[in-house]
Amino acid sequence: MDKEIDFAKNLNTVTHIPVRILNRPGELCYQTKPAEQLPVFKSQDPEYQLLLRTSKNAITDIVPIRDRFQRTYLSMTSTNAITLLGPFLTDMDHKPSIDTIFDTSALSPANPSTIRNLYEELPMLTKKEITAIGNLMKTLINQPIKTAHLSEPRIVPINYPHSIHENIYHDDQQVIESRYREQDQMLAAIASGNLSLVHKHVKLYGHALDVFKYRIPNNPVRSMKNIMFAFNTLCRIAVKSTGVLPIHQHLISEKFSIAIEKQTTVRGLRRLIQEMAVAYCKLAMVTTEMQYSPLIQRVISLIHLNRKVTLSNLADSVGTTPAYLSRKFKSETGSLFTQYLIDLRITKAKELLRNSDLHISEIAYVTGFDEVANFSRAFRKQNGVSPSSYRNQHD
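Computed from a predicted structure; not experimentally measured. (Residues numbered from 1 in each chain as written. Predicted model: local features only at pLDDT ≥ 70, side-chain atom pairs only at ≥ 80, totals over all residues. Heavy atoms only, no water.)

Engineer: Teacher, can you tell me more about the overall build of the protein here?
Structural biologist: Within the protein one finds 17 helices and six strands. For the protein, the proportion of its 395 residues judged to be buried stands at 41%. The contacts of the protein with a sequence gap of at least 6 include a subset with a gap of at least 24, amounting to 62%. Of the roughly 22200 Å² of accessible surface on the protein, a fraction of 54% belongs to carbon and sulfur atoms. (Helix = DSSP H or I, 4+ residues; strand = E, 2+ residues; numbered from the N terminus. Buried < 20%, exposed > 50% of the residue type's maximum accessible area, 1.4 Å probe, protein only. Contact = heavy atoms within 4.5 Å. Areas by Shrake-Rupley, 256 points an atom, 1.4 Å probe, with all protein chains shown as cover.)

Shown next, in the form of structure tokens:
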């Protein structure tokens, strides 16, 4: 087993992903990191049974396994052991949100933010990266490990002509000024809730960022990510001035921070600029147009955090009666509580239909509907088509 343990250590060093070594009966013999705080395979789990079945595959076959928590592992069988690399997430297909994972896997953590953070720290791998790691696993297990002796690196100073800096400044001065001008105008449009102005300035702002792609030499994606993180913060500050609730500021800022880091191309980051600007603008628009009382603001925050709430539950949470809350909600929002809740559920359902492979019945449950028939009826009434037809139109 010493060879397999050395293999696990080297594989973890290269990939920075946890590696476990199990014997052929499936007993844990070694792991490179402490046990995860998220649930791992147990002997009664279907994923564990699948793992044992893969141990009967040909030696060095690489088998991907996905558990019910939407995490992926790579399993490889050698002569004496089973190697399990993971968990990680994959972008090979659309994944449901963390909230969806909570619902579909029956996770009920005492501290949801802790579980959420654990998921967000998992690496996101592309199909190409997964294939490369699989090839590396096959190579390492079949080759004897040899210790490499590295000499001290030589530092060669590079002297740049002073004129280079002058030329860069001269050539890009107008672009730099344009970038900050467009940024200020777009942030003003976001804060005012003016979508048409946001769409106008976001294209100009995207082009103005070109000169900053090479702030980190040979790494335009990292450069763009740094700029996008700063832009995310500026957008959050812009909507804060309109009275957006802190919980909403936090949720949208967290969402885009994760999306930025998971992008692997400059093109993908460009698309995020518009998505981010529009989302922040809509948030400001709702807050600016409808200044709710503290009671209703609290109720709306609770609805967004849990789409399965009832009027009675909410009334208890905010210390009032269902009848009073119903009247107050209608007078301030212009919408009946039940209709507002249905609209929110249908909006989330449309997102899942477009961006996940969950079954229709699962989407109905995740978005707060007790019966699939009720979900389908409400969806058709609002959109004119059934959920399955809507999904087909957006494939």
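Still more to cover.
Engineer: Mind showing me how you'd approach helix H12 (residues 311–318) here?
Structural biologist: Every α-helix winds through 3.6 residues per turn, so residues three or four apart in the chain are directed the same way. Every buried residue of H12 is listed here: Leu314, Ala315 and Val318. When H12 is viewed along its axis, its buried side chains cluster within an angular range of 100° and face the same direction. Turned more than 90 degrees away from the buried face of H12, the exposed residues are Asp316 and Ser317. Two residues or fewer past H12, Gly319 is found with a positive phi of approximately 75°. (Arc of directions from axis to C-beta.)

Engineer: I tried to follow the pattern of salt bridges on my own but got confused; where do I start?
Structural biologist: If the charged atoms of two oppositely charged side chains come close together, the side chains can form a pair. In the structure shown here, the tally under the stated rule is three salt bridges. The partner of Glu261 in a salt bridge is Lys225, with the nearest N and O atoms 3.7 Å apart. Remark: Lys225 occurs in helix H8 (residues 220–240) and Glu261 occurs in helix H9 (residues 246–262); sequence separation between them is 36 residues. According to the relative accessible area criterion, Glu261 is partly exposed, its value standing at 39%. (Salt bridge = Lys/Arg side-chain N within 4 Å of Asp/Glu carboxyl O.)

Engineer: Could you clarify how one ought to interpret helix H14 (residues 337–355) in this entry?
Structural biologist: The end-to-end C-alpha separation of H14 is 27 Å, in line with the 27 Å expected for 19 residues at 1.5 Å each. Here H14 has its buried residues at Phe337, Leu341, Leu344, Arg345, Ile346, Lys348, Ala349, Leu352 and Leu353. (Expected span 1.5 Å × (residues − 1).)

Engineer: Sorry if this is basic, but what is going on with the pairing of strand E5 (residues 81–90) here?
Structural biologist: Side-chain direction in a regular strand flips from residue to residue, so the side chains alternate between the two faces of the sheet. Across the 10 residues that make up E5, a large majority, 10, are buried. Both strand E1 (residues 19–23) and E5 contribute to a ladder of five bridges, which runs antiparallel. By the bridge assignment, Val19 is partnered in E5 with Leu85. Judged from the five bridges that link them, strand E4 (residues 72–77) and E5 form a sheet pairing that is antiparallel. Its bridge partner being in E5, Thr77 is matched across the sheet by Ile82. Hairpin connection of E4 to E5: three residues between the antiparallel strands. Pairing between E5 and strand E6 (residues 124–125): two bridges, direction parallel. In the sheet register, Leu89 faces E6, and the bridge partner there is Met124. (Pairing = 2+ DSSP bridges.)

Engineer: Looking at this model, I keep getting lost on unusual backbone geometry. Mind explaining?
Structural biologist: Comment: phi is negative for the bulk of residues other than glycine, and the bulk of peptide bonds are trans. Here Gly86 and Pro87 are connected by a cis peptide whose omega angle stands at 10°. Checked against the element boundaries, Pro87 lands in strand E5. Positive phi outside glycine occurs at His16, with the angle close to 60°. Relative accessible area serves as the criterion here: at 62%, His16 is assigned to the exposed category.

Engineer: I would appreciate a short explanation of the packing of aromatic side chains in the present structure.
Structural biologist: Between two aromatic rings, the relevant description is the distance of the centres plus the angle of the planes. All chains considered together, the criterion is met by six aromatic pairs. Both rings, one in Phe369 and one in Phe375, keep their centres 5.3 Å apart while their planes meet at 55°; by these two values the pair is tilted. For Phe369, a relative accessible area of 8% translates into the label buried. For Phe375, a relative accessible area of 0% translates into the label buried. Arg345 extends its terminal NZ or CZ atom over the ring of Phe369, reaching a point 5.5 Å from the ring centre. (Phe/Tyr/Trp six-rings, centres within 6.5 Å; stacked < 30°, edge-to-face > 60°. Lys NZ or Arg CZ within 6 Å of the ring centre and 35° of its normal.)

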